[in-house]
Amino acid sequence: MQWREELQKRLTNLQENYHLNTQLAMPDEIESSYHQGMDVLRMINEALMNVIKHAEIDQAKVDVKKEVKMLQIHVINFGKLMRLLAQNNQYFGLLDMKE
């Protein structure tokens, strides 16, 4: 299974369990190893859980773009800005996702 399909399943699960509606924008196929795909899924999942817990909003967007030798991933919430919350020493697991 390609990790795009797995990501879509996780987004559906988050919508059903947490009422987070997430728009996904990414190419149909992105080549990666199984382990790389799972790492990306974990990071996106962690970021979306942070949106659920801290942003006080029910909408988000995941934007994945393939660059030459890397992926560019943006997880966008339309609620409270994490940057402002982080100024109060709340980091939301972001330090763990800095790879």
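Above this note sits the structure.
Numbering of residues begins from 1 in every chain and follows the order in which that chain's sequence is written. Given that this is a predicted model, residues contribute local features only at a pLDDT of at least 70 and side-chain atom pairs are listed and counted only at 80 or more, while totals for whole chains, interfaces and linings are drawn from all residues. With hydrogens and water stripped out, all remaining heavy atoms of the structure feed into the side-chain values.

1. Some words on the overall build of the chain
Looking only at helices and strands, one finds three helices and three strands in the chain. Starting at the N terminus and walking to the C terminus, you meet the elements of the chain as α-β-α-β-β-α. Throughout this description, buried means an accessible area under 20% of the type-specific maximum (1.4 Å probe, protein chains only), exposed means over 50%, and partly exposed covers the range between. Put simply, the chain has 99 residues, and 30% of those count as buried. Contacts between residues were defined by any pair of non-hydrogen atoms, one from each residue, lying within 4.5 Å. Sequence separation of at least 24 residues holds for 63% of the intrachain contacts in the chain that already meet a minimum separation of 6. Of the roughly 7,000 Å² of accessible surface on the chain, a fraction of 47% belongs to carbon and sulfur atoms. Each helix corresponds to a stretch of at least 4 residues labelled H or I by DSSP, and each strand to a stretch of at least 2 residues labelled E; elements are numbered beginning at the N terminus. Exposure was quantified through the Shrake-Rupley algorithm and a 1.4 Å probe, taking into account, for residues, occlusion by the shown protein chains and nothing else.

2. Digging into helix α1 (residues 3-18)
Note: α-helices contain 3.6 residues per turn, so residues at a spacing of three or four share the same orientation. Relative to the 22 Å expected for 16 residues at 1.5 Å per residue, α1 spans 21 Å between its end C-alpha atoms, a close match to the ideal helical length. Within α1, the full set of buried residues consists of W3, L7, L11 and L14. Relative to the axis of α1, the buried residues are bounded by an arc of 90 degrees and lie together on one face. Buried residues along α1 sit in contact with β1 (21-25), α2 (34-55), β2 (59-66) and β3 (71-77). Positive backbone phi, at 60 degrees, marks H19, one or two positions downstream of α1. Take the number of residues in a helix, subtract one, and multiply by 1.5 Å to get its expected span. To obtain the arc, one takes the directions from the helix axis to the C-beta atoms.

3. Digging into unusual backbone geometry
Of note, the phi angle at H19 is positive, near 60 degrees, even though the residue is not glycine. Structurally, the position occupied by H19 is in the loop between α1 and β1. On the basis of relative accessible area, H19 is assigned to the exposed category, the value being 54%.

4. Observations regarding the nonpolar core
Among buried residues, the Ala, Val, Leu, Ile, Met, Phe, Trp, Tyr and Cys ones that are joined through side-chain atoms within 4.5 Å form a nonpolar core. Within the largest apolar cluster, 19 residues are counted, with the highest numbers of intra-cluster contacts made by W3, L7, M26, I44, L48 and V64. When contributions to this core are tallied by element, the ones reaching two or more residues are α1, α2 and β2. Counting residues per element, this core draws most heavily on α2, at eight residues. Setting aside residues up to four positions removed in sequence, M26 forms contacts with W3, R4, L7 and V64.

5. So, the pairing of β1
The side-chain alternation of β1 yields one buried face, formed by T22 and L24, and one unburied face, formed by N21, Q23 and A25. The sheet contact formed by β1 and β2 spans five bridges and is parallel. Bridging across to β2, Q23 finds its partner in K61. When the strands point away from the viewer, a crossover counts as right-handed if the route from the first strand across the helix to the second turns clockwise. The handedness of the β1 to β2 crossover, carried by α2, is left-handed. Between any two strands, at least two bridges found by DSSP are needed for them to pair.

6. Concerning the environment of V62
Within the secondary structure layout, V62 lies in strand β2. In sequence terms V62 and N77 are 15 residues apart; their C-alpha atoms lie 8.9 Å from each other. If we ignore the near neighbours within four places in the chain, the residues touching V62 are T22, Q23, L24, A25, I44, L48, H74 and V75.

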